[in-house]
Amino acid sequence: MSLKNFFDVLGARYQFGKGVGQDDAAALKWYSEAAKQGTALAQFNLGYMYDFGRGVPQDYAQAIKWYLLAAEQGYAPARYNLGIVYRDGRGVPQDLAEAVEWYRFAADQGDASAQHDLGNAGSTPARAVHLTDLRTALGQAYVGCGQSAPTYTDATLTAGSTVIKAWHIAEARQSTR
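Going along each chain's sequence as written, the residues are numbered from 1 onward. For this predicted model, a pLDDT threshold of at least 70 governs which residues receive local features, and a threshold of 80 or more governs which side-chain atom pairs are given and counted, while totals over whole chains, interfaces and linings are taken from all residues. Only hydrogens and water are removed before side-chain values are computed, so all heavy atoms of the structure are retained for them.

## With respect to a nonpolar patch on the surface
Then, number 1: A contiguous nonpolar patch, built from Met1, Leu3, Phe6 and Val9 and spanning about 430 Å² of accessible area, is present on the exposed surface.
Then, number 2: By secondary structure assignment, the location of phenylalanine 6 is in helix 1 (residues 3–16).
Then, number 3: Think of it in three bands: residues with accessible area under 20% of the maximum for their type are buried, residues over 50% are exposed, and the middle band is partly exposed, with areas taken using a 1.4 Å probe on protein chains only. Judged by relative accessible area, phenylalanine 6 falls into the partly exposed class, the value being 40%. Nonpolar side chains (Val, Leu, Ile, Met, Phe, Trp, Tyr) within 5 Å and like charges within 9 Å form the patches, drawn only from residues with over 30% relative accessible area and no salt bridge. Every accessible area reported is derived by Shrake-Rupley at a probe size of 1.4 Å, with residue values counting cover from the shown protein chains alone. By convention in these notes, a salt bridge is any Lys or Arg side-chain nitrogen within 4 Å of a carboxyl oxygen on Asp or Glu. Secondary structure follows DSSP: runs of H or I at least 4 residues long count as helices, runs of E at least 2 residues long count as strands, and numbering of each begins at the N terminus.

## Description of the confidence of the model for the protein chain
Then, number 1: Per residue, pLDDT measures the predictor's confidence, with a range of 0 to 100. Mean pLDDT over the protein chain: 80, with 67% of residues reaching 70 or higher.
Then, number 2: By mean pLDDT, helix 9 (residues 154–175) is the weakest element of the protein chain at 54, and helix 4 (residues 60–72) is the strongest at 97.

## What about the side chain of aspartate 111?
Then, number 1: Relative to the assigned elements, aspartate 111 resides in the loop between helix 6 (96–108) and helix 7 (112–119).
Then, number 2: The buried charged residue aspartate 111 lacks any salt bridge partner; its closest oppositely charged side chain belongs to arginine 79, at an N-O distance of 9.8 Å.
Then, number 3: Identification of polar contacts relies on pairs of N or O atoms within 3.5 Å, with a donor-acceptor requirement for protein atoms, meaning one able to donate a hydrogen and the other able to accept it, and with residues adjacent in sequence counted only if both atoms are side-chain atoms. Engagement of the side chain of aspartate 111 in a polar contact is seen with the backbone nitrogen of alanine 114, the distance being 2.9 Å.
Then, number 4: The contact criterion used throughout is that any non-hydrogen atoms of two residues lie within 4.5 Å. Apart from residues lying up to four places away in sequence, aspartate 111 is in contact with Ala76, Pro77, Tyr80 and Ala106. The charged-residue count follows a simple rule in which Lys and Arg add positive charge and Asp and Glu add negative charge, with His and chain termini not counted at all.

Written as structure tokens, this is what we have:
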């Protein structure tokens, strides 16, 4: 195990009290050492500590800094958390389109939480942007075929998305048999 990974593991042990007493300040110290050496998981964990004020005063700017560093290395949970940051406007102006982009990055890597939030059929901001994207894509498809685009209600788009998802699930099940 490399030294930077050792620091990350030590940080996790202190954060969750595994084999040592739970101590957020000690976790922060060890995550910081590993994060400075470029460990994406430690950068994410450090972002989380700042995001939620664990062992340090809550500081959204620091949380975003560390989440971004981990996200730049392709760490999906950091990308998902950046989606939440932009969705909720924590330390940045609320930007639903930016939130959806971060969700998409994470979802494309298989992050189940990002996939859930991106495809949520409830009345969430991500759903509103998702439906807008569907309307735009459908409109472009009709125009590309030389036709005028019909007007779709949210209910029609949601039902259509559900049918497409069900079709993909059925297709995937068939391919595994």
